[in-house]
Amino acid sequence: MAESGGSEVSDGLKTFGVVLKVLRDEACLTQEEFAERVGYSVHYVAKIEQGKRFPPTDLVSRVGEVLGTTAARVLTEAAKSLTRRAGLASWFRHWAGIEEEAGTLYAYECRVVPGLLQPESYIRAVFERRLPLLTQEQIEYQTKARLDRQRLLAKNPTTEFGFVIEQALLERGLGGTAVSRELIDRLLTEGARRNVEIQIMPLVQEDHYGFEGPMYLAETRDHKWVGYFEGHENSFLVTEPKQSSAMLQRYGKLRSQALSCQASRSLLEQMRGAL
């Protein structure tokens, strides 16, 4: 999953954040007071004001309830700069915000190990093979962004994280043996958290529901399910209940077909010992 975006999106996010901060200041509300009234965490509001997070779709309506219709109209105009450039960066920024607030996060991957579980060496191996080629500066920027995202696992101990990962990704040896060792060590470490479940999908599985590709699911604060998936140079956020329900059903099937957490850990330990 990619964190980078074009300057047009970044500038739009910064503008939106400044406008939101000004509106909040005009209402004489602290970040803590404002966050409580709109129903988001202080950390999330701070990230939006700093231009580091894509605002949720319902933020404008919530601002209208707290600050009034005029503030909502101003923020709506500021939000237009965020929709002019549709695509991977804008949708991912939105998804990153959903990740931070989610009570449950599920992922199924058959292309690369989920970003939240990647050690730094694996992250660099992925970005070094991205086409068109990235500059070293871009690699450093994206690596840092991904490592920053990974703090979610420790920061949100009550969030349930579930990962189903194809065994083929671990057998591939992306980046070489040393990277594979660090990757498996990382999976074993994160899988030991009581709120993290890591399941490996075996190489041979005749009854397999993952043929439609990787997917990510999040349960929001108001207990709605949102889906996210990526293709080549594009990505999609799924908010329609019927579609997100279908994704949740597929994920449930995949969990039942993958190895149990205990069996997955045993397999990881065997693979680690063979390296």
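The structure presented is a predicted model; accordingly, all values stated were derived computationally and were not measured.

A. Looking closely at unusual backbone geometry. Look at the link from L131 to P132: it is a cis peptide, with omega at -5 degrees. Tracing the backbone shows P132 in the loop between α7 (120–128) and α8 (136–149). Even without being a glycine, H223 presents a positive backbone phi close to 65 degrees. Counting through the fold element by element, H223 comes out in the loop between β4 (215–219) and β5 (225–231). With relative accessibility at 61%, the residue H223 sits in the exposed group.

B. View of the packing of helix α11 (residues 177–191) against helix α13 (residues 261–274). At a closest axis distance of 10 Å, the pairing of α11 and α13 adopts a crossing angle of 155 degrees. Of the possible angle classes, the one that applies to α11 and α13 is roughly antiparallel. Note that α11 runs across α13; the crossing there is left-handed. On α13, the residues that touch R181, I184, D185, L187, L188 and G191 of α11 are R265, L268, E269, M271 and R272. Class assignment of the residues belonging to the contact of α11 with α13 gives a composition of 5 nonpolar, 1 polar and 5 charged.

C. The sheet that holds strand β3 (residues 196–201), seen in detail. Spatially, 6 strands are ordered β3-β2-β1-β4-β5-β6 in an open sheet, and the strand pairing comes out mixed. Among the strands making up the open sheet, the edge pair consists of β3 and β6 (234–238). For this sheet the average axis-to-axis angle between neighbouring strands, irrespective of direction, equals 10 degrees. Here strand β1 (residues 104–109) pairs with β4 via 5 bridges, running antiparallel. Each bridged residue has a counterpart across the sheet, and for Y108 the counterpart in β4 is M215. In this fold α11 packs onto β2 (160–166) and β3, with an angle of close to 135 degrees to the strand it touches most, β3. Those strands touched by helix α12 (residues 241–257) are β1, β2, β3, β4, β5 and β6, and its axis lies near 110 degrees from that of β4.

Thresholds applied
Residues numbered from 1 in each chain as written. Predicted model: local features only at pLDDT ≥ 70, side-chain atom pairs only at ≥ 80, totals over all residues. Heavy atoms only, no water. Helix = DSSP H or I, 4+ residues; strand = E, 2+ residues; numbered from the N terminus. Buried < 20%, exposed > 50% of the residue type's maximum accessible area, 1.4 Å probe, protein only. Axes fitted to C-alpha atoms, helices over the stretch in contact; angles between N-to-C directions. Parallel < 35°, antiparallel > 145°, perpendicular 65-115°, else oblique. Left-handed = near helix turned anticlockwise from the far one by under 90°. Contact = heavy atoms within 4.5 Å. Nonpolar A, V, L, I, M, F, W, Y, C, P; charged D, E, K, R; others polar. Pairing = 2+ DSSP bridges.

Shape descriptors only; they carry no functional weight alone.
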